[in-house]
Amino acid sequence: YNEYKSYLRMSTDECGFGDYNVTVVNNFTIPARDGIQLAARIYIPDKLSSGKFSATFDFFNTIEDKTELVTTKPRHNANRKTYPTIVECVPYYKDEFTATRDYSRHNWFCSHGFVCLRLEMRGSGASEGLYFGEYLPQEQKDLEDVMRFIQSQKWSNSKIGMYGKSWGGFNSLQMAFHQNSSSLLSDRLLTTAVSLYSTDDRYNHDIHYQNGVVVGSEMLPWSAQMFVWNARPPPPRYFKTFKAWESEWLHRLNNASQSWLAGWLEHQHEDDIFWKHGSIKEDYGKIDIPFLIIGGLEDGYKTSQYRMSKKLNNRCKFLFGSWGHQWPDESIFGPRLYFLKLCKEWFTSHLANDDELVNTTNVWPRVQMFVRDSFRARDLKKFDAPGKMIKYNHVENANKRAVLEEMEDMLISNEKFGVYYFDKNRIRKDPPSNKKEKVLLKSHVYQGYSPGSYASFERDTDLAYDQRLALDSSLTYYSSELKEDLYMVGDSTLFAGVHSTTWERIYIHVKVCDVFPDGGATLVSRCIYHLSKDRKYFKVPDDSTPSNVQHPYSRIYPLKMSLASHCFKPGHRVALSIAPSAFPYMWPSCSKDEVYFLPGNSYFVFEKILSSYAEKNIVKHPSPKPLLKIPKEIFSSGKSEIRENVKDGIYITEWYNDGGSYCLSEHGVKTHETSRLLYETDTDVTYGKVQVSNMLKMSFDKFTHSDSSTPHYDVEIHTNQIMSGGYDTYDLDETLDIKLGGEPFWSKKWACKIPRYDL
């Protein structure tokens, strides 16, 4: 059942709209190869007559209420017959959650001569079928079917680009990868893509695990978010009867409503095909099309994207701002730039008709990097981060060095790297005088204080605030006060000397911070590692391990830190901390093994640039124009809060987020969503417990039938998840409760214990 609707909106030059009229088909379906109907919204440029439109989409019989989005400019190239297409595919409900951003962005692209297709993944929103997790092969097959459909249309010039952040950024990389794999996809259909906040490594650098460790503050909350979203009903406006709508919703709930958390925890190893399938690091050479890849310094995927800038083909370009997991033209962390115009230039350079194709992006710098000056995290909510956008040229990657002696020889003569050695609670540029020292690492709850969010949506609860309490509770080494600017930009690695007699389960958390003269500290870079899993280590030269012992007692691990792009100012100090715990960010090891840091056998290496280089390579970007706003009635504004409580040695941190209540009249839906997160542990971090309770209310007032027995569609969804456990297991308890019209409609509970197979 398809609905046609076009929007009449006042469009002004201040929004930067192009020369084309825009017609929007709010919902139509495309058949997948197995017969499942995939729902999409399509934005069509130029003025289309009824005959032309119905001939193009032959499954439309009549067109009613035909109006166009009229621009103040004349139509461009009235004889043009074909257009390139931009596809965005996510499971986030086009008729509610992404409606605001889709309205602002896809209309804009379309006015510049692109067909935009916002596809809903199968099993989500108005699409039929079921889906059971992230980035499964079925997702890529469905996208291939949709792209074949696009290329078969008379309006298509056969050139297709993808666009999206997070999920939409991930699947564009995966489509480019798998279209070169005959075992999954048979056609090469994708021409280019703009990918924001995405990863090349779904195991080591994603929201579930990092370097073998469960990301405690992210895995369960992300699972909880999708748990409640996947329980949403399809939009009732696309069903002819209440029974048909109810039947489709129950089909999803009965077959695909369990959270994904247990599945993630059952796949605990890097070499599992579960993670490899969506990881382009398996063969970077399979990405042979141009990508514009965008990362944010307050977003967790920045490190993966910086690594891709050293691996992907030379037609790819990379841009890093101070942003969180937000659009670059809306981020409150800055710099706000004209992101839509940037994308338009990229897509025009790669998707235009052959007789109009002029590539202006080949002269862009390979990497544009925003370098932040010293700042306090709390100030990011008040004004843009201080700093500058620069053109950035890569240096030889220090992390590739396999032999310690070669690394040391290189550092002595290479001014493109900085190095700090550890000696007497200080980090210094000279080698240590004592290589025999061992320092016991002890866990403490405050080592994980104020970790911030991996995928920061720039709420109050997402920021990593002043780190001085975490530094005071960890083994921390400080530099002397800096005499001049220190630009730490790019990769960095702690070569960490570590001693243990068992190596059964050793977790390490490392942080680099910028310490202000008054003691305040800002997080610059970090990493977490499961050392017992990591085979990439060196034996300490003077280790006295008996020859019949398989693994040495003392090892040196190259621990690769997250991307840094930071200028430490004069009078500040560099702090580097090492800790065996960082709950909730790092799930507790629950191990009683004694672990020692060997400062005399450790050093920290980082890429750096000179002040003169930064000043000579500044890049300017135009500020964004206002975004076209969808009509929205706001009933209550959102808020976020952090509360802390300590009682009888138990530490509980509560994060509360209220998304506010609003109504999108265009789509006939009113929404209110809240989330409450509780993180619990004890002083010595001997256990961890995370609880997430989500609530989602949706009221629908647009549907295509008049069933007197069902006067309204008021939906209320409650989810509750608890993840706990000790040394041997992860323990899960989950519930899903749904009300319809205020009455119980559907409910289910799940519980399981998953062994920790990480020894």
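For the structure itself, consult the block above.
These numbers come from a predicted model, not from an experiment.

Bringing unusual backbone geometry into the picture now. Cis geometry is adopted by the peptide bond preceding Pro335, which originates at Gly334 and carries an omega value of -10°. Tracing the backbone through its elements, the reader meets Pro335 in the loop between strand 10 (317-321) and helix 10 (339-351). The phi dihedral of Ser166 is positive, around 60°, even though this residue is not glycine. You will see that Asn211, though not glycine, has its phi angle at about 50°, which is positive. Residue position: Asn211 is located in the loop between strand 7 (209-210) and strand 8 (213-214). Asn211 sits in the buried class, given a relative accessible area of 13%.

For the rest of this paragraph, the subject is the packing of helix 3 (residues 137-151) against helix 4 (residues 167-178). Here helix 3 crosses helix 4 at 80°, and the two axes come no closer than 10 Å. Taken together, helix 3 and helix 4 sit at an angle that is classed as roughly perpendicular. Where helix 3 abuts helix 4, its residues Glu139, Gln140, Leu143, Glu144 and Met147 lie against Trp167, Asn171, Gln174, Met175 and His178. Of the residues that constitute the contact of helix 3 with helix 4, the class distribution is 4 nonpolar, 4 polar and 2 charged.

With that out of the way, let us pick up a positive patch on the surface. A surface patch of positive charge is lined by Lys311, Arg535, Lys536 and Lys560. By the element assignment, Lys560 lies in strand 21 (residues 554-560).

Counted by the stated rule, this structure contains 50 aromatic pairs. Between Phe274 and Trp275, the aromatic rings sit 4.8 Å apart at their centres with planes inclined by 85°, giving edge-to-face as the arrangement. What makes Phe274 partly exposed here is its relative accessible area of 29%. For Trp275, a relative accessible area of 1% translates into the label buried. An aromatic cluster of at least three residues, connected via ring pairs, comprises Tyr92, Phe97, Tyr131, Tyr135, Trp167, Phe170, Trp229, Trp260, Trp264, Tyr301 and Tyr454. Its end group placed over the ring of Tyr596, Lys438 keeps NZ or CZ at 4.8 Å from the ring centre. Directly above the ring of Tyr585 sits Arg526, whose terminal nitrogen or CZ lies 3.9 Å from the centroid.

Tallying each qualifying case throughout the model produces 0 disulfides. No disulfide involves Cys116; its nearest neighbouring cysteine sulfur is the one of Cys110, lying 5.7 Å away. We classify Cys116 as buried; its relative accessible area is 0%.

Another point: empty space enclosed by the protein. Going through the model one piece at a time under the given rule, you end up with 9 cavities of 30 Å³ or more. Of the pockets and cavities examined, the largest cavity occupies roughly 420 Å³. Contributing to the lining of the largest cavity are 32 residues, with Leu297, Lys302, Leu523, Arg526 and Ser562 lying nearest its centre. Tallying contributions element by element places strand 19 (residues 521-530) first for the lining of the largest cavity, with 7 residues. When its residues are assigned to classes, the lining of the largest cavity shows 14 nonpolar, 11 polar and 7 charged.

Under the criterion given, the structure shown has 41 salt bridges. Put simply, Arg148 and Asp145 hold a salt bridge, and the shortest N to O gap is 3.7 Å. Within this pair, Arg148 and its partner Asp145 are both found in helix 3, separated by 3 residues, close to a single helical turn. On the basis of relative accessibility, which here comes to 33%, the residue Arg148 falls in the partly exposed class.

Turning next to the nonpolar core. One finds Leu117, Trp167, Leu265 and Met369 to be the most contacted residues of the largest nonpolar core, which totals 173 residues. Per-element accounting of this core gives the leading share, 8 residues, to helix 5 (residues 219-229). Leu486, Leu494, Val524 and Ala564 belong to the second largest nonpolar core, which has 34 residues in total.

Right, let's get into the pairing of strand 28 (residues 650-664). Counting buried residues along strand 28, 11 of its 15 residues qualify, which places the element largely inside the surrounding structure. As judged from the 3 bridges shared by strand 26 (residues 633-636) and strand 28, these two strands associate in the antiparallel manner. From the neighbouring strand, Ile634 faces strand 28, where its bridge partner is Tyr662. Hairpin remark: strand 27 (residues 639-647) followed by strand 28, antiparallel, with 2 residues in the connecting loop; positive phi at Asp648, about 55°. Looking at chain direction, strand 28 and strand 29 (residues 669-682) are connected through 13 bridges and run antiparallel. Across the sheet, the residue bridging to Ile652 is Glu680, located in strand 29. Counted between consecutive antiparallel strands, the loop separating strand 28 from strand 29 contains 4 residues, among which Gly668 sits at a positive phi close to 65°.

The rules behind the values
- Residue numbering note: each chain is counted from 1, following its sequence as written.
- Only residues with pLDDT of at least 70 are given local features in this predicted model, and only at 80 or more are side-chain atom pairs given and counted; all residues enter the totals for whole chains, interfaces and linings.
- The side-chain numbers reported here are obtained from all heavy atoms of the structure, hydrogens and water having been left aside.
- Helix and strand definitions here come from DSSP, where helices need a minimum of 4 consecutive H or I residues and strands a minimum of 2 consecutive E residues; each element is numbered from the N-terminal end.
- Burial status follows relative accessibility: with a 1.4 Å probe on protein chains alone, a residue under 20% of its type maximum counts as buried, one over 50% as exposed, and anything between as partly exposed.
- Note on geometry: axes are C-alpha line fits, over the in-contact stretch for helices, and angles between N-to-C directions span 0 to 180 degrees.
- Any angle from 65 to 115 degrees is called roughly perpendicular, while one under 35 is roughly parallel, one over 145 is roughly antiparallel, and all others are oblique.
- Contacts were defined at the residue level, with two residues in contact if any of their heavy atoms lie within 4.5 Å.
- Each residue is assigned to one class: nonpolar for Ala, Val, Leu, Ile, Met, Phe, Trp, Tyr, Cys and Pro, charged for Asp, Glu, Lys and Arg, and polar for all the others, Gly among them.
- Patch definition: residues above 30% relative accessible area lacking any salt bridge, with like charges linked at up to 9 Å and the nonpolar side chains Val, Leu, Ile, Met, Phe, Trp and Tyr linked at up to 5 Å.
- Computed with the Shrake-Rupley method and a 1.4 Å probe, the accessible areas treat only the protein chains shown as cover for residues.
- The term salt bridge refers to a pairing of a side-chain nitrogen on Lys or Arg with a carboxyl oxygen on Asp or Glu at a separation within 4 Å.
- Positive charge is attributed to Lys and Arg, negative charge to Asp and Glu, and no charge count is given to His or to the chain ends.
- A single reference atom marks each charge: NZ on Lys, CZ on Arg, CG on Asp, CD on Glu.
- Here a Phe, Tyr or Trp ring, Trp counted by its six-membered ring, pairs with any other such ring whose centre lies within 6.5 Å, and the pair is stacked when the planes are under 30 degrees apart, edge-to-face when over 60, and tilted otherwise.
- By the criterion adopted, a ring carries a charge over it if an Arg CZ or a Lys NZ lies within 6 Å of its centre and within 35 degrees of its normal.
- Here, a disulfide means two cysteine sulfur atoms that sit within 2.5 Å of each other.
- Both cavities and pockets are sets of points on a 1 Å grid over the protein atoms alone; in a cavity a 1.4 Å probe fits but cannot get out, in a pocket the set is open with protein on both sides within 12 Å along at least five of seven lines, and lining residues sit with an atom within 4 Å of a point.
- Grid points are joined across faces, edges and corners, and a volume is the space filled by probe spheres set on the points.
- Remark: nonpolar core denotes a set of buried residues (Ala, Val, Leu, Ile, Met, Phe, Trp, Tyr, Cys) joined through side-chain atoms within 4.5 Å.
- A pair of strands is labelled paired if DSSP reports no fewer than 2 bridges between them.

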